[in-house]
Amino acid sequence: ARQTILGTLGFASGAQYVIAVDPSGASGADATGAATIAGGTVRATFAGGVYAAGASNILTASSVTGTFTGGLLVTDLPDGFFASLTYLPTEVDITLSTTAPTLTGLSKNAQNVVNAITNFSDNGGTVPGSIASLFGLAGDAANHAFGQAAGQPGPASAQSGINSTNTFISKI
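Residues numbered from 1 in each chain as written. Predicted model: local features only at pLDDT ≥ 70, side-chain atom pairs only at ≥ 80, totals over all residues. Heavy atoms only, no water.

1. A look at the layout of surface pockets
Phase 1: Looking at the largest pocket, its volume works out to about 230 Å³.
Phase 2: Taken together, 18 residues form the lining of the largest pocket, with G71, F135, G136, L137 and A138 sitting closest to its centre.
Phase 3: Elements that contribute at least two residues to the lining of the largest pocket include exactly strand 11 (82-88) and helix 3 (139-149).
Phase 4: Ranked by residues supplied to the lining of the largest pocket, first place goes to strand 11 with four residues.
Phase 5: A per-class count over the lining of the largest pocket returns 12 nonpolar, six polar and no charged. (1 Å grid on protein atoms, 1.4 Å probe; cavity = no way out; pocket = protein on both sides within 12 Å on 5 of 7 lines; lining within 4 Å. Points joined across faces, edges and corners; volume = space filled by probe spheres on them. Helix = DSSP H or I, 4+ residues; strand = E, 2+ residues; numbered from the N terminus. Nonpolar A, V, L, I, M, F, W, Y, C, P; charged D, E, K, R; others polar.)

2. Some words on the pattern of salt bridges
Phase 1: Throughout the structure, instances matching the rule amount to one salt bridge.
Phase 2: One salt bridge in this structure joins D30 and R2, with 2.6 Å as the shortest N-O distance. Separated by 28 residues along the polypeptide, D30 in strand 5 (residues 28-31) and R2 in strand 1 (residues 2-5) bring together distant segments of the chain.
Phase 3: According to the relative accessible area criterion, D30 is partly exposed, its value standing at 22%.
Phase 4: Classification of R2 as partly exposed rests on a relative accessible area of 33%. (Salt bridge = Lys/Arg side-chain N within 4 Å of Asp/Glu carboxyl O. Buried < 20%, exposed > 50% of the residue type's maximum accessible area, 1.4 Å probe, protein only.)

3. A look at the environment of I5
Phase 1: Mapped onto the elements, I5 comes out in strand 1.
Phase 2: Considered as a pair, I5 and A61 are 56 residues apart in the sequence and their alpha carbons are 9.1 Å apart.
Phase 3: Sequence-distant contacts of I5, that is, excluding residues within four places in its chain, are made with A29, D30, A31 and T32. (Contact = heavy atoms within 4.5 Å.)

4. Description of the environment of T4
Phase 1: Following the sequence through the fold, T4 ends up in strand 1.
Phase 2: Note on T4: relative accessible area 58%, which makes it exposed.
Phase 3: The spatial distance from the C-alpha of T4 to the C-alpha of T32 is 7.8 Å, given a sequence separation of 28 residues.

5. Notes on unusual backbone geometry
Phase 1: Non-glycine residue D76 carries a positive phi angle of around 60°.
Phase 2: Relative to the helices and strands, D76 is located in the loop between strand 10 (72-75) and strand 11.
Phase 3: In this structure D76 comes out as exposed when scored by relative accessible area, which is 55%.

6. Focus on the packing of aromatic side chains
Phase 1: For the structure shown, the criterion picks out six aromatic pairs.
Phase 2: Between the aromatic rings of F46 and Y51, the centroid separation amounts to 5.6 Å while the plane-to-plane angle is 65°, which identifies the pairing as edge-to-face.
Phase 3: Under the relative-accessibility criterion, F46 is labelled buried at 4%.
Phase 4: Ring geometry for F135 against F146: centres 5.2 Å apart, planes inclined by 70°, an arrangement best described as edge-to-face. Residue F135 is located in the loop between helix 2 (129-132) and helix 3, and its partner F146 is located in helix 3; the two are separated by 11 residues in the primary sequence.
Phase 5: The class for F135 is buried, based on a relative accessible area of 3%. (Phe/Tyr/Trp six-rings, centres within 6.5 Å; stacked < 30°, edge-to-face > 60°.)

7. A look at the pairing of strand 10
Phase 1: What you see with strand 10 is a clean split: L72 and V74 sit on the buried side and L73 and T75 on the side with no burial.
Phase 2: Bridging between strand 7 (residues 41-46) and strand 10 involves four bridges; their strand directions are parallel. Bridging from a neighbouring strand, V42 pairs with L72 of strand 10. (Pairing = 2+ DSSP bridges.)

The quantities given are spatial measurements derived from coordinates; they are silent on function.
Here it is, written out as structure tokens:
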């Protein structure tokens, strides 16, 4: 369902903007004033159904400034699609595409995983929604998720391994 906001709308850095998406469109908010996005995350849940590539509006306002720096966290993304956010001067859309979006700033191993998934998709493969949804992550979250897919250990397990090695060496 759509919510009408009389006046301005603001999203703080820790905000969670929760939307529902179905084949006919998306829930969202319509503000009569300006919308200011100072970070936060969009959480989108997809209902079952047959989807097509395209954009669904999730936010309209007299003007939109800023971005959801936490990215887009997706639940139940349909297989074969990638979801991303599109920012326009007076709206924000969730866009479904069969082409993987470009991600930058990743470690070499994480980028290799992204490249392999993109290559698979570009050559006619159907990427499961659970994997494609990772492309909505931003910054450290994206680097961590694709790094784990590459087999890189997380910080806690790496530190645990270092501690175990130090204990072993001190015993011999």
